[in-house]
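Here is how the chains run, residue by residue.
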Amino acid sequence: MAQLTMIQAITNALDNALEKDENTLIFGQDVGLNGGVFRATQGLQAKYGEERVFDTPLAESAIGGLAIGLAFENFRPIPEIQFFGFIFEVMDGIAGQMSRTRYRTGGTRTMPITIRSPFGGGVHAPELHSDSLEGLMAQIPGIKVVIPSNPFDAKGLLLASIEDDDPVIFLEHMKLYRSFKEEVPEEYYTVPLGKAKIVFEGTDVSIVTYGYMVHEALKVAKQLDEEGISVEVIDLRTVSPIDIETIIQSVEKTGRLVVVQEAQRQAGVASTIMAEMAERKRAILALKAPIGRVSAPDSVYAFSLAENDWLPDAQDIIDKVKEAINFD
Amino acid sequence: MINKKKFDFAAHLKSVEENYQMIQILNEKGDIVNSDLVPDLSNEELVQLFKDMLWSRALNDRSVILARQGRLGFFGPSAGQEASQLASCLAFDKNDYLLPGYRDIPILVKRGLPLYKAFLWSKGHVEGGMYPEDFLSTTPEIIIGAQYIKAAGVGLGFKKRGKKQVVFTYTGDGGSSQGDFYEGINVAGAFKVPVVFIVQNNQYAISTPWRKQTAANTLAQKAAAAGIPGVLVDGMDPLAVYAIAKAARDWALAGNGPILIETFTSRFQPHSMSGDDPKLYRDEDSYAEWEGKDPMIRMRTYLTKKGLWNQDQEEGLIKQFDQQIQEAVKKADDAPKQKISQLLELMFEEPTQVLKEQIESYKKKEGE
């Protein structure tokens, strides 16, 4: 089994998908010869040809429109939006078209589209490159939003997204692209969508998070373990739909919940989780303390030189966990 | 050094605009004025085209009444645009792919959509969007211009599959101001895909006159920026519309890439029957001018002169159309009541955990 970074695992998944299903197509800005600005599609055009891996004009809305039209012709498009902040240019394609097609046509047409896009902070990119906009996407009925936190899941979740007959937004945290390697099978496999994973078991407090923040939460879990606080970390992996049942079961065990997201506080995924827990009997009766929330503050994504202070980190999580532990 | 001559920007622009002269074959008096371009339509086909136009006008007139009675939902009148719609769609094959705008209901029905389904779409019923797999069309586009980029995508699909089929799509003058319009024709040109883009310039985007939307002297010339042919056609002339649409289809089918057609036409009635008042933005006198250009009048005159039409035929035909329309209205009225629980099932192939809970709760409300 090969040791792969997350970006290599993604390339490997795309390679598997192109090989397995001749209806899959990869396209976007600079994804062909150039292999994408992060090299996610490196070597794929050479291997599968320009018919299946191709560059588009610099036009995000057109990329969305092409995906929709190709899906009508029974292709399985895997477009790339170069940076997730550019998604605003294709919001009609996503929220106005592909997410509604199954409903609009009474189930007679489907949109098996997987939109891949890099996102996430901490890499000192220009404006509108780092924003965590998954909350916006998660509010759209009819679309799934997937965010892996490691190479193994990235490959399995991406292949599951491509197999899915409904549209999926697949978000790749830029800070995780090359930060570590792990064993990733070369062969085709999937990791189910909509299923969270307990990545660190504990009994005192549950941390629910996703993406890069999983790694900050794991740091916290290990550090607090030494202090005698047993933390459970849940990696959501899919932020829409949310795996409510896994969270409830964890809360029933620990009685305390801290929700962590890199995105700003207002609306968003963390709010949804908190609301779901607050209105469900099993969760609310199990809770021994108010639900804690760690997020970025409600400003525009911070200027690069300020982003490290703006982004939430392990210390912010520790503070919230201790608040929950010390609440009585 | 002193420049002896200034660059003449105005002349430069004029030289572009001069390439977009309006094509007319049948004039307002019903006479052929451009015999070189007269399309190859048999007498039977000419009569059928006129019957289709009459049917479309009848459908429009009944729909306006139904909408006033509150028996339809959203309805965009199409009177005045019969040549632009029925003559253009006649140029395309059953296996061509249609992406219509919301005013193009007559085209959808002419191509085989049962009329009651069109009414159900208007009223807001799921069945109105359920097309058989071999009915090659999207539902009427609500987001103006969005159909243009989707059309490029379907065209790219045809090209990749090596299919001998063409995509055709409609928007209006307002649609040609949208970003998606430019992205659509540009990407279609870049990929050289078989798409015929039709802009029905009915001169108003709800209330905003087309001249206020652009400095372009024609909408057809917008094609030049995408490097594709653009043609301006008299949209009140069924023969010109058909001839150019047919030639455009042949062009696209031969692998030459996309084409843009502007049909210059007129909407005789409000934008929609949902409160639009043209008195606020349209001069009363303009109606007389445009009703004089009515495609029905010139086609009727032309066919009558050729001895192919007798005014007496019309009354019976309209009665027949009215009966068909009434039957479709009845069928649409009889459609089963929609259940929210069933609609929730349409969100995904497999309902999510939270959706399952919502489906259960609606099923209880619905008494299941």
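What you are looking at is a predicted structure, and each value in this text was computed from that prediction instead of being measured.

Turning our attention to the overall build of chain B. Per the secondary structure count, chain B includes 15 helices and seven strands. Taking 2.2 N^0.38 as the reference for a compact globule, 368 residues should give roughly 21 Å; the C-alpha atoms of chain B span a radius of gyration of 22 Å, in line with that estimate. In terms of its C-alpha atoms, chain B occupies a principal-axis envelope of roughly 85 × 65 × 45 Å. For chain B, the residues scored as buried account for 56% of the 368 residues in total. Restricting to contacts in chain B with at least 6 residues of sequence separation, those with at least 24 account for 74%. Roughly 16700 Å² of accessible area belongs to chain B as shown, and the carbon and sulfur atoms make up 51% of that amount.

Right, let's get into the sheet that holds strand 2 (residues 167-172) of chain B. Pairing between sheet strands relies on hydrogen bonds along the backbone, with the strands arranged either parallel or antiparallel. All names here are of chain B. Spatially, 1-2-3-7-6 is the arrangement adopted by the five strands of the open sheet, whose pairing is parallel. Strands with a single pairing partner mark the edges of an open sheet, and in this sheet they are strand 1 (97-99) and strand 6 (230-234). Averaged over all neighbouring strand pairs, the angle between strand axes comes to 20°, with direction disregarded. Where strand 2 meets strand 3 (residues 195-201), six bridges bridge the pair, whose relative direction is parallel. The residue of strand 3 that forms the bridge with G172 is Q200.

By volume, the largest pocket is sized at about 890 Å³. Around the largest pocket, the lining is made up of 37 residues, and of these G135(A), A138(A), Q139(A), I140(A) and T272(A) lie nearest the centre. Going through the elements one at a time, helix 6 (134-138), strand 12 (238-240), strand 13 (257-264) and helix 10 (268-278) of chain A together with helix 15 (353-365) of chain B are the ones with two or more residues in the lining of the largest pocket. Among the residues forming the lining of the largest pocket, the class breakdown is 20 nonpolar, 13 polar and four charged. Taken as a whole, the second largest pocket holds about 500 Å³ of empty space. Lining of the second largest pocket is provided by 22 residues; of these, R100(A), R104(A), W121(B), T139(B) and I142(B) occupy positions nearest its centre.

Turning to the pattern of salt bridges, a few remarks are in order. Scanning the model with the defined rule gives 34 salt bridges over all chains in all. Put simply, K160(B) and E51(A) hold a salt bridge, and the shortest N to O gap is 3.4 Å. Taken together, the residues span two chains, with K160(B) in helix 6 (residues 146-161) and E51(A) in the loop between helix 2 (44-48) and strand 3 (53-55). D250(B) is paired through a salt bridge with K246(B); the nearest N and O atoms lie 3.4 Å apart. Taken together, the positions of D250(B) and K246(B), both in helix 10 (residues 238-253) and four residues apart, correspond to about one turn of that helix. Owing to a relative accessible area of 30%, K246(B) belongs among the partly exposed residues under this scheme. Through salt bridges with shared partners, one network takes in D21(A), R76(A) and D165(A).

For the rest of this paragraph, the subject is the interface of chain B and chain A. Size of an interface: often given as the accessible area lost when the parts come together. Chain B puts 40 residues into the contact, and the matching count from chain A is 45 residues. Roughly 3400 Å² of surface becomes buried between chain B and chain A when both sides are summed, with 58% attributable to carbon and sulfur atoms. When the buried area of chain B at its contact with chain A is split by residue, K160(B), R161(B) and F348(B) rank highest and sum to 18% of it. Among the salt bridges present, the one from K163(B) reaches E73(A), with a minimum N-O distance of 2.7 Å.

With 142 residues, the main nonpolar core has I94(A) and L236(A) as its most contacted residues. L236(A) has contacts with K195(A), A196(A), V208(A), T209(A), Y210(A), I242(A), I247(A), V269(A) and I273(A), leaving out every residue within four places of it along the chain. Ranked by size, the runner-up nonpolar core spans 69 residues in total, among them W55(B), Y170(B), A248(B) and M296(B).

Further remarks concern the packing of aromatic side chains. Inspection of every chain in the model, using the stated rule, returns 21 aromatic pairs over all chains. With 5.0 Å between their ring centres and 50° between their planes, F38(A) and Y177(A) make a pair best called tilted. With F38(A) in the loop between strand 2 (24-28) and helix 2 and Y177(A) in the loop between strand 7 (168-173) and strand 8 (182-184), this residue pair connects regions lying 139 residues apart in the sequence. Pairing Y204(B) with Y281(B) gives two aromatic rings, centres 5.4 Å apart and planes at 50°, and the pair type is tilted. Residue Y204(B) is found in strand 4 (residues 204-205), and its partner Y281(B) is found in the loop between strand 7 (259-264) and helix 11 (284-291); the two are separated by 77 residues along the sequence. The buried category is assigned to Y204(B), whose relative accessible area is 15%. Since its relative accessible area comes to 15%, Y281(B) is described here as buried. Ring pairs connect the aromatic residues F38(A), F83(A), F86(A) and Y177(A), which therefore count as one cluster. The ring of F75(A) has R161(B) lying over it, and the distance from NZ or CZ to the ring centre is 3.7 Å. Looking at K222(B), its charged tip hangs above the ring of F181(B), at a distance of 5.9 Å from the centre.

Rules used throughout
Residues numbered from 1 in each chain as written. Chains lettered and ligands numbered in written order. Predicted model: local features only at pLDDT ≥ 70, side-chain atom pairs only at ≥ 80, totals over all residues. Heavy atoms only, no water. Helix = DSSP H or I, 4+ residues; strand = E, 2+ residues; numbered from the N terminus. Rg over C-alpha atoms; globule rule 2.2 N^0.38 Å. Buried < 20%, exposed > 50% of the residue type's maximum accessible area, 1.4 Å probe, protein only. Contact = heavy atoms within 4.5 Å. Areas by Shrake-Rupley, 256 points an atom, 1.4 Å probe, with all protein chains shown as cover. Pairing = 2+ DSSP bridges. Axes fitted to C-alpha atoms, helices over the stretch in contact; angles between N-to-C directions. 1 Å grid on protein atoms, 1.4 Å probe; cavity = no way out; pocket = protein on both sides within 12 Å on 5 of 7 lines; lining within 4 Å. Points joined across faces, edges and corners; volume = space filled by probe spheres on them. Nonpolar A, V, L, I, M, F, W, Y, C, P; charged D, E, K, R; others polar. Salt bridge = Lys/Arg side-chain N within 4 Å of Asp/Glu carboxyl O. Buried area = accessible area lost by both parts, 1.4 Å probe. Core = buried A, V, L, I, M, F, W, Y, C linked by side-chain atoms within 4.5 Å. Phe/Tyr/Trp six-rings, centres within 6.5 Å; stacked < 30°, edge-to-face > 60°. Lys NZ or Arg CZ within 6 Å of the ring centre and 35° of its normal.

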